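# Report on the structure
The lines below spell out each chain.
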Amino acid sequence: MKSKLFYLIFFTPVLLFGQDSISKVQIDVTGYIDAFYSFDFDQPETKYKQPFQYNYNRQNSFNLNIALLRANINYKNVYAKISVHAGTYVEDNYATETIKYINEACVGVFLDKNKKTSLEAGILPSYIGFESATTHSNLTLTRSILAENSPYYMTGVKLNHQLNNQWSIAGLITNGWQHIEKVAASIPPAFGTQIVYKPNENNLLNWSTFIGKEYYGTDLGFRYFSNFYWDSKWHPKWHTVIGFDYGLQDVAPNGTKLVNWFSPILINQYTIHSKWQITHRIEYYQDTQNVLLTSYNLPFKTIGNSINFDFLVNSKFKLRTEGKWYHATQNIFDENTQKDNFSVTSTLSFEF
């Protein structure tokens, strides 16, 4: 009897504390589904449209670009995020990864009581660029060339600090340029920075950088990269994004030769009605040494124009259609026979 009383007195506070701790854990579950049909007027013989695209890159077929399920877990000053995904985006963008179906998996902790400084570690969404893999958060249906050829994810550690209501900064140590696992254990970690300035609720300026060793063919050399963009809702009906990417790659084993690539972009969205929007994008991408556009043997100099119409059924459901035209200085399309490429893509997407 005494022993039973001892266990009751000893373990009751522990059980009560455990139940209280569990009750304070907040778990939010969200999801996203994006189905599409796309037609390339070059009519490629394979099921793929373009080798530099990782979203909506299937020809003349109905398909699932991405289906994603995410859980955000918060407890006091600690949080975790985990999401799984599937679809053609995963098949294409994670083709070289062993871990394919984890979209995000990280833990974080706030280092101060005001929650202005945090440390995160794991598989993180990329800090580079203004376009994500989920189309709801993008002005255009398809992704720009610069978005498709810069990281969608990083694996490593990120230190964030909110300086005030307008400025925030971050520093990162990662496994490199969109790698879940290192390409080789001997490659040193890569470093990144991010500075965000938000003068008001309608304007945001972002500058992100990357430096690390990456392969150019069989040679391993330093890669230096800078991404800058301005996102502005400068009018109740207008939303504009201006961006510029610039990169340098060391292409000689002894570090004596650097080649560059760059891409300016302008996107304008106009809200016709509460349920209708129209967006135009003009972009230019130049990668003459095929640092990132490795599937081409010719210098990649391409201008792109696209127009998309969006019908917002409600805040969670969108129907979008986009026409896109690429014009290159060389015959790089349709098995190196065409300078021009036309395509049309339509999507139905649901976010919950």
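Being a predicted model, the structure only gives us computed values, none of them experimental. (Residues numbered from 1 in each chain as written. Predicted model: local features only at pLDDT ≥ 70, side-chain atom pairs only at ≥ 80, totals over all residues. Heavy atoms only, no water.)

## A short note on the overall build of the chain
- Along the chain, the regular secondary structure elements total three helices and 16 strands.
- For the chain, the C-alpha atoms occupy an extent of roughly 90 × 55 × 45 Å along the three principal directions.
- Buried residues in the chain amount to 42% of all 352 residues.
- Contacts in the chain between residues at least 24 apart in sequence constitute 54% of all its contacts with a sequence separation of at least 6.
- Just so you have it, the chain exposes about 18,000 Å², and 62% of that area is on carbon and sulfur atoms.
- In the chain, 30 side chains carry a positive charge and 29 a negative one; their mean positions are 11 Å apart. (Helix = DSSP H or I, 4+ residues; strand = E, 2+ residues; numbered from the N terminus. Buried < 20%, exposed > 50% of the residue type's maximum accessible area, 1.4 Å probe, protein only. Contact = heavy atoms within 4.5 Å. Areas by Shrake-Rupley, 256 points an atom, 1.4 Å probe, with all protein chains shown as cover. Lys, Arg positive; Asp, Glu negative; His and termini not counted. Charge placed at Lys NZ, Arg CZ, Asp CG, Glu CD.)

## Concerning the confidence of the model for the chain
- On average, residues of the chain score 92 in pLDDT, and 93% of them reach the 70 mark or higher.
- Confidence over residues 2-17 falls short of pLDDT 50; this stretch has one contact with residues more than four positions distant or in other chains. (pLDDT = per-residue confidence, 0-100.)

## Some thoughts on the pattern of salt bridges
- Applying the stated criterion across every chain, the model contains six salt bridges.
- The salt bridge involving glutamate 283 is made with arginine 281; its shortest N-O contact spans 3.7 Å. You'll find glutamate 283 and arginine 281 in the same group, each marked buried. (Salt bridge = Lys/Arg side-chain N within 4 Å of Asp/Glu carboxyl O.)

## Focus on the nonpolar core
- Ranked by internal contacts, the top residues of the largest apolar core, which has 42 residues, are Phe52, Phe210, Tyr285 and Phe300.
- Take this core: its biggest share by element is four residues, from strand 12 (residues 258-273).
- Discounting residues that sit within four places of it in the chain, phenylalanine 300 has contacts with Phe52, Ile145, Tyr285, Gln286, Asp287, Thr288, Asn290, Leu293 and Ile332. (Core = buried A, V, L, I, M, F, W, Y, C linked by side-chain atoms within 4.5 Å.)

## With respect to the environment of asparagine 336
- Secondary-structure assignment places asparagine 336 in the loop between strand 15 (317-328) and strand 16 (340-351).
- It is 9.1 Å that separates the C-alpha atoms of asparagine 336 and tyrosine 296, two residues lying 40 residues apart in sequence.

## Looking at the side chain of threonine 134
- Relative to the helices and strands, threonine 134 is located in the loop between strand 5 (117-125) and helix 3 (145-148).
- With a relative accessible area of 17%, threonine 134 lands in the buried category.
- A polar side-chain atom of threonine 134 sits 3.1 Å from a polar atom in the side chain of serine 132.
- Excluding anything up to four places from it in sequence, threonine 134 contacts Tyr32 and Arg143. (Polar contact = N/O pair within 3.5 Å; in protein donor to acceptor, adjacent residues only side chain to side chain.)

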